[in-house]
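# Notes for the structure review
Residues per chain are reported as follows:
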Amino acid sequence: MHYALLHPVSSARLRFRFHRDSSFCSRSKLTTVYPVGTSHDFRKRILCSNTGIPMRAAIFTSTAMDLGGIALVLAGGFVVLAAFAAGISLAFQPTWVVRWVQKAQPDVFFLKPTEDKVISLTVDDAPHPDITPQILDVLRENDCKATFFVIGENVDQWPGLVERIHTEGHEVGNHTMQDAASWRLSPNEFLSQLIVTEERITKYFTVDVSGRQIKWFRPGHGFYTRWMLEISKAQGYKVALGSLFPLDTLFTAQAWLISKYLLWRMHRGAIIILHDRQPQKHQTIEVLKMILPVLKRKGYDVMIFHMKCALRKHPEQTKVLSGLNFCTLWEFWVR
Ligand SMILES: [Zn+2]
């Protein structure tokens, strides 16, 4: 049996209509295009005579195809491919991509372009009454410093923790009032959250911005907009994201996986993003316990030499900076 396909192909949008008929038989495939309006019977007859298929032996099927539909399918395919590429980028975060992003977006701190073995650790959504003290203990045991991006609502709930973070030589950054997507706020809401969070932080200490520190802001959920950059800059903030995010917000009780990922993807000048809120609390502590000694062994303690550059400018920070293999964003920035 032979098949003959009659396609009415059309796209009103393109003002382009035609019929495309094809026949398939053991010997040949033939495609013929007709102007729109050519009768169905006529096309059948021509198709059969061109291919030698008897009219009675042919099965005619007619399928409608719309170029608009085809374009939609192609666009859909492109979107799926782009989403796949974005997924791969998010999962593996290739350093060259982040370096490129850093060049394209100099207003945001993603990583430190350097050949030296220096890295910076940041912890989001602090403070938490159970986990923050344990994180601080692990950092102290390993002689490391970090930057904690605090949630305004949590600051007053556990005030002693913000004080402890500061007095132990770590940095405190502004992460707005709630752990929510900052880009969903209106510019006015965003500004007021930034200010209120800062007021809560500065109850416990003041960030010295006279050339020795920077006020850091990290947008909730990690996405930022142009107006967000402008508002935070006007408030004296520098926006910091990072270059190594192990997707720890998606995993729970997967410390070994996160640690393996971090050690695998570690690069010079990396800014690591971890979280200290529920339900990741124990996981982050375990991750730090696993990766800090390994990184030290791998030579990520050459910081002292590089810190000397910063120390020349700010000798009073000698105590804070000596012996670090993880540093705060500020220390990272000045070196
Ligand atoms: Zn957050």
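Residues numbered from 1 in each chain as written. Predicted model: local features only at pLDDT ≥ 70, side-chain atom pairs only at ≥ 80, totals over all residues.

The protein chain is annotated in an unreviewed UniProt entry as NodB homology domain-containing protein of Riccia fluitans.

Bringing the overall build of the protein chain into the picture now. Scanning the protein chain from N- to C-terminus turns up 13 helices and 13 strands. Counting only residues that meet the buried cut, the protein chain has 35% of its 335 residues in that class. In the protein chain, once contacts between residues fewer than 6 apart in sequence are set aside, the share between residues at least 24 apart is 70%. (Helix = DSSP H or I, 4+ residues; strand = E, 2+ residues; numbered from the N terminus. Buried ≥ 20, exposed ≤ 12 C-beta atoms within 10 Å, placed from the backbone. Contact = placed C-beta atoms within 7 Å.)

Looking now at the nonpolar core. Membership of the largest hydrophobic core comes to 56 residues, with the highest contact counts inside it found for V123, I135, F148, V150, V162, L244 and I272. Among the elements that make up this core, the one with the highest residue count is helix α10 (residues 281-297) (six residues). Among residues more than four places away in sequence, those in contact with F148 are V123, A126, I165, H170, E171, V172 and G173. (Core = buried A, V, L, I, M, F, W, Y, C linked by C-beta atoms within 7 Å.)

Before going further, it helps to spend a moment on the pairing of strand β7 (residues 119-126). Within β7, eight of the eight residues are buried, leaving the element largely enclosed by the surrounding structure. For β7 and strand β12 (residues 271-275), the ladder comprises five bridges, and the chain directions are parallel. Pairing of S120 across the sheet is with I271, part of β12. Bridge analysis of β7 against strand β8 (residues 147-150) gives four bridges, and the strand direction is parallel. Its bridge partner lying in β8, T122 is registered against T147. Crossover handedness for the path β7 to helix α4 (residues 131-141) to β8: right-handed. (Pairing = 2+ DSSP bridges. Right-handed = clockwise from strand over helix to strand, strands pointing away.)

Between helix α9 (residues 255-265) and α10, whose axes approach to 9 Å, the crossing angle comes to 40°. The two elements α9 and α10 cross, and the hand of that crossing is right-handed. Residues A255, I258, S259, L262 and L263 of α9 form the contact with α10, whose own contacting residues are Q283, E286, V287, M290, I291 and V294. Partitioned by chemical class, the residues of the contact of α9 with α10 number eight nonpolar, two polar and one charged. (Axes fitted to C-alpha atoms, helices over the stretch in contact; angles between N-to-C directions. Left-handed = near helix turned anticlockwise from the far one by under 90°. Nonpolar A, V, L, I, M, F, W, Y, C, P; charged D, E, K, R; others polar.)

What follows concerns α10. For an α-helix the count is 3.6 residues per turn, leaving residues at separations of three or four pointing the same way. With 17 residues, α10 extends 25 Å from end C-alpha to end C-alpha; this agrees with the ideal 24 Å at 1.5 Å per step. Taken together, the buried positions of α10 are Q283, T284, I285, V287, L288, I291, L292 and L295. In the core, the buried residues of α10 are packed alongside α4, α9 and β12. Positive backbone phi, approximately 95°, marks G299, located one or two places after α10. (Expected span 1.5 Å × (residues − 1).)

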